Amino acid sequence: MSERPQWQALQRHFDEIGGQHLRDLFADQPGRGEQFTTTAAGLYLDYSKQRVTGETLRLLRELAAACGMSDRIEAMFRGDRINRSENRAVLHVALSAPADADIELDGRNVVPDVHAVLDRMAAFATRIRDGSWTGHTGKRIRNVVNIGIGGSDLGPVMAYEALRNYSERDLTFRFVSNIDGTDFIEATRDLDAAETLFIVCSKTFTTLETLSNAHAARDWCLRTLKVDAAIAKHFVAISTNAEGVAKFGIEPAQMFGFWGWVGGRYSMDSAIGLSTMLAIGPDAFHAMLSGFHAMDTHFRSTPLERNLPALMGLLAIWNNNFLGAATVAVLPYEQYLKRFPAYLQQLAMESNGKHVTLDGTRVDYPTGPIYWGEPGTNGQHSFYQLIHQGTHIVPCDFIGFCQPLNPLGEQHDLLMANLFAQSEALAFGKTADEVKSEGTTAALVPHRTFEGNRPSNTILAEQLTPHTLGALVALYEHSVFVQGVIWNIDSFDQWGVELGKALATRTAAELRSTDEPPLTHDSSTNTLIRRYRRLRDHAT
């Protein structure tokens, strides 16, 4: 990649303009704040505070063209097996397609299958929400516990928190993911088993953490409900393993399927989103799907210069590979989006945390920046010090909404004033001369000087609705894809999670052994295992 003429042209361009300050860029181009913007699916992107010029954007588009961006986008929507290492299609875009769409995989239109599952989900959600589905003892379901991990947890819990304003308040929702028993115990401590429904989310129905928690949930239910037949009224499964689901005791009619072409971190709008549909209802869930689809359509059909996900992806390449920024801070100024940065961590870092290209060649350039963040204004009293005056460049994505869901005096104006002020301060800073002009003593001037020139995007929408959330998630999905295309990596496999899981299986057997097991790990791991076994057994 770094040998491409287009990449080298960008490097030369960076050598020429890399020292330019955003103060100068705005002074040279007074209309920059109106010109470096675009809109799609109800989202407005202001990227004028990125350290780029029109020439930068042109060179980035040329790099995208050289990498076959348009062809790769079409290949994904067409159902080609672009996940090469697993020989799979990547068709999460089909999950939000309208019923009359035609998206084929191996000559078969998958959209009718998607809508058949959505219809079953809607029928089930309606019965839970209106009380016609009851538990084993005849009591109404009032508690829903989603059991999953990775995309089977991060998506549902993020969507529930994001759309809590639209949720059915008579239902309590909890989410269990960690194999640490504390997660399950605390989630169920105050619940009545006779009023509780568990949603077990595991494509293969073999995931260690999920199945361990599912069996804990089964045992917890049976301690109250006593008979195995009760499981059928208190458990549903999101899976493709009908045999495993039936063996667990869940009726096949209560299994909601999805497909191998849906990656876990791209699955929140599939049956994995059943808890979301239970919370907000089928109509609102379909509104969220419409937001996904609106952004999908924009991404597929819009030229790169106005393509919101493409622009964000290309700007991320510029920041990561030329400015040397190794992280991205996602800063939603909306409390309902408090889990959105954590959701993006998996989406971005599991997708693009790769060190080899599609053909297995070691990359010679950074990939996969670290995503992190916290809602505003909480983060301002935490890590913004480092963003403003630290030695690392941290590009920021500010996300805000013009209309509050919970008006409370002037507080929303104050919230948004902070968003706008932070992006302005990061961009322009405060010079030493400006600090001196305020009468600051010479000794304090360096401490109160802000270099500025810290890049950021600002994403605005009218209000956080289900449609807006769908568009926002799809925006980041496609931005991640664009980055992967440029880096020539497979954004849709995740082999990096396998080694630790395999070693854990072996180590678990050694921890459970009644006799002192022969250990053949390194000296550190062997010592840790022996110390753990000794202290654990001493405690009991």
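Residues numbered from 1 in each chain as written. Predicted model: local features only at pLDDT ≥ 70, side-chain atom pairs only at ≥ 80, totals over all residues. Heavy atoms only, no water.

As paired elements, strand β10 (residues 327–332) and strand β11 (residues 370–373) share 4 bridges and run parallel to each other. Residue Val 328 lies in a different strand from β11, and its bridge partner there is Tyr 371. Read as a crossover between parallel neighbours, the route from β10 over helix α15 (residues 340–352) to β11 is right-handed. (Pairing = 2+ DSSP bridges. Helix = DSSP H or I, 4+ residues; strand = E, 2+ residues; numbered from the N terminus. Right-handed = clockwise from strand over helix to strand, strands pointing away.)

Our next topic: unusual backbone geometry. Here Gly 376 and Thr 377 are connected by a cis peptide whose omega angle stands at 10°. With respect to the helices and strands, Thr 377 occurs in the loop between β11 and α16 (384–389). Despite not being glycine, Asn 87 has its phi angle at roughly 55°, a positive value. Considering the arrangement of structural elements, one finds Asn 87 in the loop between α5 (69–78) and β3 (104–105). For Asn 87, a relative accessible area of 52% gives the class exposed. In this structure, Phe 205 takes a positive phi of about 55° despite not being glycine. For Phe 205, a relative accessible area of 6% translates into the label buried. (Buried < 20%, exposed > 50% of the residue type's maximum accessible area, 1.4 Å probe, protein only.)

Listed under "active site" (unreviewed entry) in the UniProt record, and renumbered for this structure, are Glu 350, His 381 and Lys 501. The largest pairwise C-alpha distance within this set of annotated residues, which runs over 152 residues, is 37.0 Å, so the set is dispersed in three dimensions. Take Glu 350: its relative accessible area is 22%, and that puts it in the partly exposed class. When near neighbours in sequence (up to four residues on either side) are disregarded, Glu 350 contacts Arg 265, Gln 345, Asp 493, Gln 494 and Val 497. Mapping Lys 501 onto the fold places it in helix α20 (residues 498–512). (UniProt positions renumbered as here; feature names shortened; annotations may be inferred. Contact = heavy atoms within 4.5 Å.)

To continue, consider helix α1 (residues 5–17). Each α-helix winds once per 3.6 residues, and so residues spaced three or four apart point in a common direction. The terminal C-alpha atoms of α1 lie 18 Å apart, and with 13 residues this matches the ideal 18 Å at 1.5 Å per residue to within 8%. The complete set of buried residues in α1 reads Trp 7, Ala 9, Leu 10, His 13, Phe 14 and Ile 17. In an axial view of α1, the angular spread of the buried residues amounts to 155°, which keeps them on one side of the axis. Across from the buried face of α1, at angles greater than 90 degrees, the exposed residues are Pro 5, Arg 12, Asp 15 and Glu 16. Those residues of α1 that are buried are in contact with α4 (54–66), α14 (308–321) and α19 (466–487). (Expected span 1.5 Å × (residues − 1). Arc of directions from axis to C-beta.)

As a further point, take the pattern of salt bridges. In the structure shown here, the tally under the stated rule is 18 salt bridges. Between Arg 174 and Asp 190 there is a salt bridge, and its shortest N-O distance comes to 3.0 Å. Taken as a pair, Arg 174 in strand β6 (residues 172–176) and Asp 190 in the loop between α8 (181–188) and β7 (196–201) lie far apart in primary sequence, 16 residues in all. Classification of Arg 174 as partly exposed rests on a relative accessible area of 23%. One salt bridge in this structure joins Arg 454 and Glu 451, with 3.4 Å as the shortest N-O distance. Given the relative accessible area of 5%, Arg 454 is considered buried. (Salt bridge = Lys/Arg side-chain N within 4 Å of Asp/Glu carboxyl O.)

All right, on to the pairing of β6 then. Where strand β5 (residues 143–147) lies against β6, 5 bridges are found, and the strand directions are parallel. Its bridge partner lying in β6, Val 145 is registered against Arg 174. After leaving β5, the chain enters helix α7 (residues 151–162) and then returns to the sheet as β6, a path that is right-handed.

A few words on the sheet that holds strand β2 (residues 43–46). If you walk across this open sheet you meet the 6 strands as β1-β2-β13-β12-β10-β11, and the pairing is mixed. Of all the strands in the sheet, just β1 (37–40) and β11 have a single pairing partner and so form its edges. Each strand axis lies, on average, 20° off the axis of its neighbour in the sheet, ignoring direction. Sheet topology note: the β10/strand β12 (residues 396–401) ladder contains 4 bridges and is parallel. (Axes fitted to C-alpha atoms, helices over the stretch in contact; angles between N-to-C directions.)

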